[in-house]
Amino acid sequence: MKRDTEDLGRRIERLLATPEYLDHPLHVALGQLWHAFLDQSARLERVTHISDGYQSLAKQRENDLDERFQKQLRKLEKLARISDHYQRMMQDLNVALSDASNRDVLTGLANRRHLMHRLKEESERSSRSGQPYTVAMLDIDHFKQINDTLGHAAGDRVLVEVGRILEGSLREYDLCGRWGGEEFMLLLPGTTPASAQVLAERICQRIRDHACAPENNLSISASVGISAYRHGEHYSETVERADAALLEAKRRGRDCIVLSAS
Amino acid sequence: MSNLTISGSQSTPAISGDWEAGVLTMTGDSYPENSFDLFNQVIDWVERFLADGKRPLSLELHLLYLNTSSVRAIMDVFDLLEDAHAAGHPVAVNWHYDRRNERVAELAEEFREDCTFPFAIVAHD
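Below is a summary of the structure that appears in this document.

### Points about the pairing of strand β2 (residues 14-18) of chain B
Residues and elements named next belong to chain B.
Okay, so step 1: The alternating pattern of β2 places I15 and G17 on a buried face, while none of A14, S16 and D18, on the opposite face, is buried.
Okay, so step 2: Sheet topology places strand β1 (residues 4-6) next to β2; 3 bridges connect them, and they run antiparallel. Note on β2: the bridge partner recorded for L4 is G17.
Okay, so step 3: Inspection of the sheet shows β2 paired to strand β3 (residues 23-30) by 5 bridges, in the antiparallel sense.

What follows is the structure in structure tokens.
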């Protein structure tokens with residue numbers, strides 16, 4: 001196309017320069033037409049050039065925007081990732097805190113707060129289903145003496161050992177915990193006082209057999225009071241009856257089990 | 001030519017910028033009501049410091065929990081450091097953590113990704 005235009009240009013330049021055509025009526029018109037054509041061509045060149053400039057500017061800006069967008073996207077992904085990680089950390093911390101708040105530090109058993117929570121749940125379940133549950137309070141005999149003569153570290157070891165025996169004696173859905181001091185509680189769903197007594201006897205035997213005050217082989221025993229939940233009562237009444245039965249066991253000379261009258 | 005001092009609270013880190021020493025320290029948890037207000041001061045301070053010659057700047061971070069907007073603010077600060085580093089400005093980050101809390105180190109590592117300036121994760125007992 002360009003070559004065609006150049007060839008045409010040369011031909012027209014030649015024609016316009018030829019002397020015998022100078023007086024021809026078309027000579028002036030051709031000359032003017034040719035200059036108009038050259039003007040238009042030059043203008044088209046310029047417009048195209050400017051247009052190309054704009055286009056490459058727009059393209060450049062698009063690339064910059066895309067680069068910035070990709071960068072922001074990467075940043076956002078990183079932000080989400082790190083933020084999720086912090087959130088998981090918080091959740092794990094919550095679980096750990098909740099666990100710690102329900103556990104007795106020394107024995108690792110359920111603490112009083114957790115026992116109370118489960119007592120409330122079991123009372124509600126029992127009221128709905130009519131299935132009874134039993135509470136056994138177990139207290140280590142002459143514990144103060146162990147602490148006073150052998151020291152608190154020895155007392156702590158006895159508590160840990162008794163806790164281990166309790167834990168090892170229970171079914172999966174039973175719960176044992178430290179109610180306070182040297183007093184432990186067993187919470188036995190779907191259990192009658194009679195079967196609770198059998199379990200308590202087994203536990204007391206294990207305590208006599210295994211839980212020795214370490215330094216002088218002093219034998220350890222425990223007293224137990226058992227009560228059954230009565231339909232419609234508050235669990236604190238069940239616990240009070242178990243406590244009263246435990247007191248009775250102490251009064252009878254310790255190392256024995258007393259069932260609360262149902 | 002000014003120090004930055006923001007006292008910490010339960011939800012905001014203690015922040016101190018020592019202009020002479022070129023050290024910016026942040027300590028504690030960060031989940032402020034308005035993290036934009038809080039960290040704008042930090043970003044301003046870092047920008048002013050970096051614009052004032054080429055003295056070394058180091059960040060000493062003892063951060064524990066950060067909420068999302070705080071994470072973003074810290075990333076913005078690191079972006080400033082990254083640009084400064086690319087321009088030949090000596091900058092560094094030391095992220096300190098308690099050895100018992102390994103997850104803080106994992107998080108610091110995630111922050112460190114794509115940072116090319118010196119970034120140390122320092123365990124303490």
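Once the structure has been displayed, the description carries forward.
### Re helix α3 (residues 112-129) of chain A
Residue and element names in this part refer to chain A.
Okay, so step 1: Taking 1.5 Å of rise per residue, the 18 residues of α3 would be expected to cover 26 Å, and the 25 Å separating its terminal C-alpha atoms lies within 8% of that figure.
Okay, so step 2: Buried residues of α3: L115, R118, L119, E122, S123 and S126, and no others. Down the axis of α3, the smallest arc covering the buried residues is 145 degrees, so these residues share one side. α3 presents R113 and R128 as exposed residues on the side facing more than 90 degrees away from its buried surface.

### Topic: the nonpolar core
Okay, so step 1: With 45 residues, the main nonpolar core has Y86 of chain A together with V46, F78, W95 and F111 of chain B as its most contacted residues.
Okay, so step 2: Only α2 (25-101) of chain A together with β1, β3, α1 (35-51), β4 (57-66), α2 (68-86), β5 (91-98) and α3 (102-112) of chain B provide two or more residues apiece to this core.
Okay, so step 3: Among the elements that make up this core, the one with the highest residue count is α2 of chain B (9 residues).
Okay, so step 4: Counting 27 residues, the second largest nonpolar core, distinct from the first, contains L109, L188, I203 and I220 of chain A.

### Side note on the sheet that holds strand β2 (residues 175-180) of chain A
Picture the strands of a sheet paired through backbone hydrogen bonds; they go either parallel or antiparallel.
Residue and element names in this part refer to chain A.
Okay, so step 1: If you walk across this open sheet you meet the 5 strands as β2-β3-β1-β6-β7, and the pairing is mixed. The open sheet has two edge strands with one neighbour each: β2 and β7 (257-259). Pairwise comparison of adjacent strand axes, ignoring direction, gives a mean angle of 20 degrees for this sheet.
Okay, so step 2: Sheet topology note: the strand β1 (residues 133-140)/strand β6 (residues 222-228) ladder contains 7 bridges and is antiparallel.

### Describing helix α1 (residues 2-17) of chain A
All names here are of chain A.
Okay, so step 1: For α1, spanning 16 residues, the distance from its first C-alpha to its last is 22 Å, which sits close to the expected 22 Å at 1.5 Å a residue.
Okay, so step 2: Turning to α1, its buried residues are G9, I12 and L16. End-on view of α1: buried residues confined to an arc of 75 degrees, all on one side of the axis. Exposed and oriented more than 90 degrees from the buried face of α1 are R3, D4, R11, R14 and A17.
Okay, so step 3: For α1, the elements touching its buried residues are α2.

### Here's the deal with the layout of surface pockets
Okay, so step 1: What the largest pocket holds in volume is close to 410 Å³.
Okay, so step 2: Every residue lining the largest pocket is counted, 14 residues in all, and those nearest its centre are K71 and K75 of chain A together with D79, E82 and D114 of chain B.
Okay, so step 3: Considering every element that reaches the lining of the largest pocket, the biggest residue donor is α2 of chain A, with 6 residues.
Okay, so step 4: By residue class, the composition of the lining of the largest pocket is 3 nonpolar, 1 polar and 10 charged.
Okay, so step 5: By volume, the second largest pocket is sized at about 280 Å³.
Okay, so step 6: Within the residue set of the lining of the second largest pocket, elements represented by two or more residues are α1 and α2 of chain A.
Okay, so step 7: Here the lining of the second largest pocket is composed, by residue class, of 5 nonpolar, 3 polar and 3 charged.

### With respect to the interface of chain A and chain B
Okay, so step 1: Of the residues lining the interface, 12 residues belong to chain A; the matching set on chain B comes to 17 residues.
Okay, so step 2: Both faces considered, chain A and chain B share a buried interface measuring about 1,700 Å² in area, 60% of it formed by carbon and sulfur atoms.
Okay, so step 3: Across the pair K75 of chain A and D79 of chain B runs a salt bridge, and its minimum N-O distance is 2.8 Å.
Okay, so step 4: In this assembly, chain A and chain B are joined by 10 residue pairs in polar contact (both at pLDDT 80 or more).
Okay, so step 5: A breakdown of the residues in the side of chain A that touches chain B according to their chemical character gives 5 nonpolar, 2 polar and 5 charged.

Calculation criteria
- Residues numbered from 1 in each chain as written.
- Chains lettered and ligands numbered in written order.
- Predicted model: local features only at pLDDT ≥ 70, side-chain atom pairs only at ≥ 80, totals over all residues.
- Heavy atoms only, no water.
- Buried < 20%, exposed > 50% of the residue type's maximum accessible area, 1.4 Å probe, protein only.
- Helix = DSSP H or I, 4+ residues; strand = E, 2+ residues; numbered from the N terminus.
- Pairing = 2+ DSSP bridges.
- Expected span 1.5 Å × (residues − 1).
- Arc of directions from axis to C-beta.
- Core = buried A, V, L, I, M, F, W, Y, C linked by side-chain atoms within 4.5 Å.
- Axes fitted to C-alpha atoms, helices over the stretch in contact; angles between N-to-C directions.
- Contact = heavy atoms within 4.5 Å.
- 1 Å grid on protein atoms, 1.4 Å probe; cavity = no way out; pocket = protein on both sides within 12 Å on 5 of 7 lines; lining within 4 Å.
- Points joined across faces, edges and corners; volume = space filled by probe spheres on them.
- Nonpolar A, V, L, I, M, F, W, Y, C, P; charged D, E, K, R; others polar.
- Buried area = accessible area lost by both parts, 1.4 Å probe.
- Salt bridge = Lys/Arg side-chain N within 4 Å of Asp/Glu carboxyl O.
- Polar contact = N/O pair within 3.5 Å; in protein donor to acceptor, adjacent residues only side chain to side chain.

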